[in-house]
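In case you want the letters, here they are:
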Amino acid sequence: MTKTKRLRDLINGKDAVVAPCAFDALSARLIEYSGFDLVATTGFGMHGTMLGVPDNGLLTFTEMLRMCRNMSSAIDIPMMADAEGGYGNAINTSRTITEFENAGVAGLFIEDQVLPPNCPYIKGTRLIPVEEMVSKIKAAVDARKDPNFVIVARTDAPFEEAVERLNIFAEAGADMVKPMPHSRKELEDYPKYLKAPIHLGFTYGKETTKGITAKDCGEMGYKIITFPFAQLMSSVSAQIAILDEIKKNGTDEAFYEKMISFEKYLDTVNIDKYNEMDKRYMFNLD
């Protein structure tokens, strides 16, 4: 079964789907290794890990595409990608769909921000006209070769405008929609008004999702629940802690018990697969 068909089946299934967000091939591998059925990507995390900058729209189309190809190639489960605002107008969006689909991505979302986009948690966002976003969605739908490739439309608009926009985007052909709830009430109300399956980003450090779980969100009516910040923030925290230890004491020994073992790390990156390939294809020169 193709990755796109597996993603489509997940969306059509009765259960909500939890998808942590990866920012490189290793973090994608770890999501699969941990037993999840779907990988998402985080533009916020990829800006940080690839350029060392905040999520400010500096990552180019080709940089993002190259990393997404590496990530998709590293896993056997489907991956949904953050494709920013489609990297341009409707014609650019058409190419974005073609190239991401060719890269092995199973679906992506595009947003209705004025380009270059930025993270709404960093500063306010400006929206393009509804008609322009509709054109991007129609171009995206026409561009995909595989009808199972999933196209998600996102908006950062306030609640009432977001409901109107997202329902129009669904009518234009988007398979899923992605709002940005700003309160618990909005979180609970969006599924009552939206007419397409809903993609939700679990907000890090925000009251909107404090004290609730992905299962709770699924019961509200959300279909795919992603965790955009979890791996990134926890890995940065761990790296700072051990670097501080090395800087202070000149050794990492105090962290040995907290580190993954060398053997388990090799297991996460498929050492058995490549050992078997060595046996099958390589000849001993000794």
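Residues numbered from 1 in each chain as written. Predicted model: local features only at pLDDT ≥ 70, side-chain atom pairs only at ≥ 80, totals over all residues. Heavy atoms only, no water.

A. Representation of the overall build of the protein chain. Summing up its helical and strand segments, the protein chain has 12 helices and eight strands in all. Over its C-alpha atoms the protein chain spans a radius of gyration of 20 Å, differing by no more than 12% from the 19 Å that the globule rule assigns to 286 residues. Expressed along its principal axes, the backbone C-alpha trace of the protein chain runs to roughly 65 × 45 × 35 Å. Per-residue burial over the protein chain gives 45% buried out of 286 residues. Taking contacts inside the protein chain between residues at least 6 apart in sequence as the whole, the part at least 24 apart equals 67%. Per element, the accessible surface of the protein chain, about 14700 Å² overall, is 54% carbon and sulfur. Here the protein chain carries 33 positive and 41 negative side-chain charges, and the mean point of each set is 2 Å from the other. (Helix = DSSP H or I, 4+ residues; strand = E, 2+ residues; numbered from the N terminus. Rg over C-alpha atoms; globule rule 2.2 N^0.38 Å. Buried < 20%, exposed > 50% of the residue type's maximum accessible area, 1.4 Å probe, protein only. Contact = heavy atoms within 4.5 Å. Areas by Shrake-Rupley, 256 points an atom, 1.4 Å probe, with all protein chains shown as cover. Lys, Arg positive; Asp, Glu negative; His and termini not counted. Charge placed at Lys NZ, Arg CZ, Asp CG, Glu CD.)

B. Examining the pairing of strand β8 (residues 224-227) more closely. With four bridges joining them, strand β1 (residues 17-22) and β8 adopt parallel strand pairing. Looking at β8, one finds that Pro20 is bridged to Phe227. For strand β7 (residues 199-201) and β8, the ladder comprises three bridges, and the chain directions are parallel. Of the residues in β8, the one forming a bridge with Leu200 is Ile225. In this fold, β7 hands off to helix α9 (residues 214-220), which returns the chain to β8; that crossover is right-handed. (Pairing = 2+ DSSP bridges. Right-handed = clockwise from strand over helix to strand, strands pointing away.)

C. Here's a closer look at the packing of helix α5 (residues 90-102) against helix α6 (residues 130-143). In the contact formed by α5 and α6, the axes pass within 8 Å of each other and the chain directions differ by 35°. Judged by the twist between their axes, the crossing of α5 over α6 is right-handed. Taken together, the residues of α6 that come into contact with α5 (itself represented by Ala90, Thr93, Ser94, Ile97, Thr98 and Glu101) are Ser135, Lys136, Ala139, Ala140 and Ala143. (Axes fitted to C-alpha atoms, helices over the stretch in contact; angles between N-to-C directions. Left-handed = near helix turned anticlockwise from the far one by under 90°.)

D. Local environment of unusual backbone geometry. At the junction of Leu115 and Pro116, the peptide bond is cis and its omega measures out at -5° in the coordinates. Secondary-structure assignment places Pro116 in the loop between β4 (107-111) and α6. Phi is positive for Glu84, which is not a glycine, with a value near 50°. Looking at the element boundaries, Glu84 is found in the loop between β3 (79-82) and α5. Not every positive phi belongs to a glycine, and Tyr87 is a case in point at roughly 65°.

E. How the structure looks around the side chain of Thr208. The topology assignment puts Thr208 in the loop between β7 and α9. Overall, Thr208 belongs to the buried group, its relative accessible area being 8%. The contacts of Thr208, once residues within four sequence positions are left out, are Pro181, His182, Ser183, Arg184, Leu187 and Thr203.

F. A look at the pairing of strand β5 (residues 150-154). A large share of β5 lies buried, amounting to five of its five residues. Taking every second residue as pointing to the same face, both faces of β5 are buried, with Val150, Val152 and Arg154 on one and Ile151 and Ala153 on the other. When β4 meets β5, the two strands line up parallel, connected through five bridges. In the sheet register, Leu108 faces β5, and the bridge partner there is Ile151. Between the parallel pair β4 and β5, the chain is carried across by α6, and the sense of this crossover is right-handed. Examined bridge by bridge, β5 and strand β6 (residues 176-178) share three bridges and lie parallel to one another. What sits directly across from Ala153, in β6, is Val177. Once the chain exits β5 it traverses helix α7 (residues 159-171) before rejoining the sheet at β6, and the crossover so formed is right-handed.

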